[in-house]
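Reading the structure
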Amino acid sequence: MKQFLLNLVCFGSHAFNINDFFGAISVLYYEISNILDGADCFALPFKRRLKLKRYLQIEINDFTHYMGVYLPYGYDENRAEPYKTIYLLHGFGQDESDWMGIGSVQNIMDNLAAEGRTEPAVIVSVTSNNSFLGGAGGFFGGSYENVENEIIPFMEENYNVSDKAEDRSWAGLSMGSMNTQRMITANAPLFGYYGAFSGGVSVGTDVEGLDQTHIFYGPGWDDATVRPDSTAWLPLKEAGFYVDYLELTAAHDFNAWCQLFRMFLEDYLWNPEAFG
């Protein structure tokens, strides 16, 4: 019998310390999950990896923030083709450590890339705490100027990543999904691909530049926190925008978000045909 020690609670800058709640895995869903195998909920490091991630300090408006940076296996700072970038935003009460801690996104990326099922990319985990994104904070954000003016330039100056919008992606879970959709409303073309997980559908058909990006919506069908509505995204699709939606067997937890991230990587990112 193999035993695995799962690090469900990670140190970070959040103020609420409820990571253990979001890290809970509902075993009930495992037996009836016939769409996905559920393995990504327990993704282990790929054996060839020695260093997966690092947390960096970044100064914005005289305040020290932190963000996590994952570099794909074999990362080459001199590679002729810059790497694509995936930015990830956490939910309420969490911080920049959750996607790379409980979410184990670096392990998911490593394993999929090793099997040739996704393109290796740089992953950046950010936070909405302490106005890191700009005027946004808490449930209701108003501006996200730091994303375009500080965070993206920092990555482009310090890493070999593409400066093209079609090579950038942004995804968020729960409250991070709500903030993601507010970012789309404010400046849709800033990223070529968006993932909105377990945060409802709030993007309207009148958003400027919406035809220049792609959105993947995904909730758990038993999500009692933000009840899924399988029809709310249809006006966007019917208006001709590049949008797709999928409910999976999960609730409002990392059982859902790890699987959604895996699907986002494997089936949607950098693949405009997947959006119809």
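Let us look at the structure shown here.

The rules behind the values
Residues numbered from 1 in each chain as written. Predicted model: local features only at pLDDT ≥ 70, side-chain atom pairs only at ≥ 80, totals over all residues. Heavy atoms only, no water. Helix = DSSP H or I, 4+ residues; strand = E, 2+ residues; numbered from the N terminus. Buried < 20%, exposed > 50% of the residue type's maximum accessible area, 1.4 Å probe, protein only. Contact = heavy atoms within 4.5 Å. Areas by Shrake-Rupley, 256 points an atom, 1.4 Å probe, with all protein chains shown as cover. Phe/Tyr/Trp six-rings, centres within 6.5 Å; stacked < 30°, edge-to-face > 60°. Lys NZ or Arg CZ within 6 Å of the ring centre and 35° of its normal.

Quick look at the overall build of the protein chain
Check the secondary structure of the protein chain and you find seven helices and eight strands. Relative to its 276 residues, the protein chain shows a buried fraction of 54%. In the protein chain, 69% of the contacts between residues at least 6 apart in sequence involve partners at least 24 apart. For the protein chain, the accessible surface area stands at approximately 12600 Å², while carbon and sulfur atoms represent 51% of it.

Some remarks on the environment of Thr231
Of note, Thr231 is situated in the loop between strand S7 (214-218) and helix H6 (234-238). C-alpha separation for the pair Thr231 and Val201, spaced 30 residues apart in sequence, amounts to 9.5 Å.

Some thoughts on the packing of aromatic side chains
For the structure on display, the rule yields 18 aromatic pairs. Taking the centre distance of 5.9 Å and the plane angle of 85 degrees together, the rings of Phe197 and Phe264 count as edge-to-face. Of this pair, Phe197 sits in strand S6 (residues 193-197) while Phe264 sits in helix H7 (residues 254-268), placing them 67 residues apart in sequence. Per residue, the accessibility class of Phe197 equals that of Phe264, and both read buried. Each member of the aromatic cluster is reached from another via a ring pair, and the members are Trp99, Tyr193, Phe197, Phe216, Phe254, Trp257, Phe261, Phe264, Tyr268, Trp270 and Phe275. Above the ring of Phe191, the side-chain terminus of Arg168 is found at 5.7 Å from the ring centroid.

Any functional reading would require information that these geometric values do not contain.
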